[in-house]
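A structural walkthrough
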Amino acid sequence: MKETLIGKDTKEIGTYLTEFNEPAYKAKQISKWIYQKNVRNFEDMTDLSKDLRAKLLENTQVGKNEVSLKTASNDRTIKYLIKLEDNSTVECVNIFQPDHQTACLSTQVGCNVKCPFCATGLSGFKRNLSVDEILDQYMLMQKESDDRISQIVFMGMGEPMLNYDNTMRSIEILNKEIGIGMRHITISTSGIIKNIRRLMEEKLQLNLAISLHSANSELRNRLVTINKQNPVYELLRLAKEYANVTKRRITFEYVMLKGINDRDQDIDELLTKLNGIHCHINLIPHNPIYSAEKLDATPMSRIKEFQEELAAKGFPVTVRMSRGSSTSSACGQLSVISGKN
């Protein structure tokens, strides 16, 4: 089986080169071709000797994944269905903003958190993604983009904090080899307390987003099932500590569900329980999915009222503009069933 080079940093590529009697310093050339120039064909790595290119071709591959399907939304958002070596598939999204592009990456095939408003969890869980499988989503999307994808959000399929080591290793390579600044990388988590603490202790300058959806423990048990093992009162206490230790503002994500978490009492819970936490609240209009449980989106007029009441109490709060919903590419719509909902 050929060795996959995506997922290795320059030092690791150098160590591998020595196994077939090539000097380690050539790794800088190879990693530049892979991570900076996004070249997947060894024959195109023209500053390498023909002998080295032949050895690489015989023994290695740059990446083992491929784009199976891509769909473009009317707002230019592009969703990619990536076929993995074991024939599993994951989806990732290139989100076009007015001044930049953002790669929304997946960390698992499916998800085992099973939030009732999210298609990914409802479609089941298969396995964690490896480092190269996470990174190659970015590489494959960047290869097809005319402009640099400069922002990364781990908000695709899966729970990044349940694939902590591989997610963090992919972030290290995105930062050090590809050159994405830590402040341009966001991890979104449903609230895996033990690994949020690990992340806090690393004191990185990346962004942390917590999928809150309710500050009420009983309601959050329904909306975010891992709340039973990661209770919201402990999560919010840790969020306050995280912001204080890292000096980074926490983002709380809040999917708006009609008659469920958009009531006046839900505003009161947020005002009380988020008090004193250096945070930003991101209200997310619910995107339609197929679900056995009937969940309706909060009307935009009510979302605006919700926003205004929180803002009046001094909380920075925004409403996320949904992108890609016309092709099921928006928040909560990614699925493992043939790349569709």
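Details of the structure are given in the entry above.
Before going into details, it helps to say that this report is about the structure given with it. (Residues numbered from 1 in each chain as written. Predicted model: local features only at pLDDT ≥ 70, side-chain atom pairs only at ≥ 80, totals over all residues. Heavy atoms only, no water.)

1. Notes on the overall build of the protein chain
We apply this condition: Helix and strand definitions here come from DSSP, where helices need a minimum of 4 consecutive H or I residues and strands a minimum of 2 consecutive E residues; each element is numbered from the N-terminal end. It is over C-alpha atoms that the radius of gyration is taken, and the globule rule equals 2.2 Å times the number of residues to the power 0.38. When a residue's accessible area, from a 1.4 Å probe over protein chains only, is under 20% of the maximum for its type it is buried; when over 50% it is exposed; and in between it is partly exposed. Any two residues having at least one pair of non-hydrogen atoms within 4.5 Å are treated as being in contact. Note on areas: Shrake-Rupley, 1.4 Å probe, and residue coverage restricted to the protein chains presented here. The charged-residue count follows a simple rule in which Lys and Arg add positive charge and Asp and Glu add negative charge, with His and chain termini not counted at all. Charge coordinates come from a single atom per side chain, which is NZ of Lys, CZ of Arg, CG of Asp or CD of Glu.
A tally of regular secondary structure across the protein chain gives 11 helices and 14 strands. In terms of C-alpha radius of gyration, the protein chain reaches 21 Å, essentially the compact-globule figure of 20 Å for 341 residues. Across its three principal directions, the C-alpha atoms of the protein chain cover 70 × 40 × 35 Å. Within the protein chain, the fraction of its 341 residues that count as buried is 55%. Once local pairs closer than 6 in sequence are excluded, the contacts in the protein chain between residues at least 24 apart make up 68%. For the protein chain, the accessible surface area stands at approximately 15,200 Å², while carbon and sulfur atoms represent 47% of it. Considering the protein chain, the positive charge centre built from 46 side chains and the negative charge centre built from 42 side chains are found 2 Å apart.

2. Quick word on the pattern of salt bridges
This is how it is decided: Criterion for a salt bridge: a side-chain nitrogen of Lys or Arg within 4 Å of a carboxyl oxygen of Asp or Glu.
Under the counting rule described, the total for this entry stands at 21 salt bridges. Notably, a salt bridge pairs Glu22 with Lys55, separated by 3.1 Å at the nearest N-O pair. Separated by 33 residues along the polypeptide, Glu22 in the loop between helix H1 (10-18) and helix H2 (26-36) and Lys55 in helix H3 (residues 50-59) bring together distant segments of the chain. Exposure remark for Lys55: the relative accessible area of 22% places this residue in the partly exposed category. Measuring nitrogen to oxygen at the nearest pair gives 3.4 Å for the salt bridge that ties Lys176 to Glu172.

3. Here's the deal with the environment of Ile134
Checked against the element boundaries, Ile134 lands in helix H5 (residues 131-143). You can call Ile134 buried: its relative accessible area is 0%. In this structure the C-alpha to C-alpha distance between Ile134 and Asn166, which are 32 residues apart in sequence, comes to 8.1 Å. Setting aside its immediate chain neighbours within four residues, Ile134 contacts Leu105, Ser106, Thr107, Leu129, Phe154, Asn163, Asn166, Thr167 and Ser170.

4. A few points about the side chain of Ser88
How we decide: Polar contacts here mean pairs of N or O atoms no more than 3.5 Å apart (in protein, one a potential hydrogen donor and the other a potential acceptor; neighbouring residues in sequence count only if both atoms are side-chain atoms).
Mapped onto the secondary structure, Ser88 falls in the loop between strand S4 (78-83) and strand S5 (89-96). A polar contact is formed between the side chain of Ser88 and the side chain of Lys126, at a distance of 2.8 Å. With near-sequence residues (within four places) excluded, Ser88 lies in contact with Ile82, Lys83, Val109, Lys126 and Arg127.

5. Remarks on the packing of aromatic side chains
The test is simple: Only Phe, Tyr and Trp rings take part, Trp by its six-membered ring, and two of them pair if their centres are within 6.5 Å. Stacked means planes under 30 degrees apart, edge-to-face means over 60, and tilted covers everything else. Whether a charge sits over a ring depends on NZ of Lys or CZ of Arg being within 6 Å of the ring centre and within 35 degrees of the ring normal.
If you walk through the whole model with that rule in mind, you get two aromatic pairs. On the numbers, 5.3 Å between centres and 85° between planes, the contact of Tyr16 with Phe20 is edge-to-face. In this structure, Tyr16 and Phe20 share a single accessibility class: buried. When the centroid spacing of 5.6 Å and the interplanar angle of 35° are considered together, the rings of Tyr254 and Phe306 count as tilted. Of this pair, Tyr254 sits in strand S12 (residues 250-256) while Phe306 sits in helix H11 (residues 300-312), and the two are 52 residues apart along the sequence. The exposure class assigned to Tyr254 is buried, which follows from its relative accessible area of 2%. Just above the ring of Trp33 sits the side chain of Lys37; from NZ or CZ to the centre is 4.0 Å.

6. Quick notes on the nonpolar core
This is how the line gets drawn: What makes a nonpolar core is a set of buried Ala, Val, Leu, Ile, Met, Phe, Trp, Tyr and Cys residues whose side-chain atoms join them at distances within 4.5 Å.
Core analysis: the largest hydrophobic core is formed by 98 residues, its most contacted members being Tyr138 and Phe252. Other than its neighbours up to four places away in sequence, Tyr138 contacts Ala103, Leu105, Arg148, Ile149, Ile152, Leu174, Ile178 and Ile180.

7. Overview of the pairing of strand S10 (residues 185-189)
Operational definition: For two strands to be treated as a pair, DSSP must find at least two bridges joining them. Crossover handedness is defined by viewing with both strands directed away from the observer: a clockwise path from the first strand over the helix to the second marks the crossover as right-handed.
In terms of burial, S10 is a largely internal element, five of the five residues being buried. Side chains Ile185, Ile187 and Thr189 project from S10 onto one buried face, and the interleaved Thr186 and Ser188 project onto a second face that is buried too. As paired elements, strand S9 (residues 151-154) and S10 share three bridges and run parallel to each other. Its bridge partner being in S10, Phe154 is matched across the sheet by Ile187. Taken together, S9, helix H6 (residues 164-178) and S10 constitute a β-α-β crossover, and its handedness is right-handed. Relative to strand S11 (residues 207-211), S10 runs parallel, the two being bridged by four bridges.

8. Quick look at the packing of H2 against H6
In plain terms, the rule: All axes here are fitted lines through C-alpha atoms, helices being fitted over the stretch that makes contact, and every angle between N-to-C directions spans 0 to 180 degrees. Roughly parallel covers angles under 35 degrees, roughly antiparallel covers those over 145, roughly perpendicular covers 65 to 115, and oblique covers all other angles. We call Asp, Glu, Lys and Arg charged. Ala, Val, Leu, Ile, Met, Phe, Trp, Tyr, Cys and Pro are nonpolar, and the rest, Gly among them, are polar.
Packing of H2 against H6 brings their axes to within 10 Å, and their N-to-C directions diverge by 110°. Taken together, the axes of H2 and H6 lie roughly perpendicular to each other. Where H2 abuts H6, its residues Ser31, Tyr35 and Gln36 lie against Ile173, Glu177 and Ile178. Of the residues contributing to the contact of H2 with H6, the split by class is three nonpolar, two polar and one charged.

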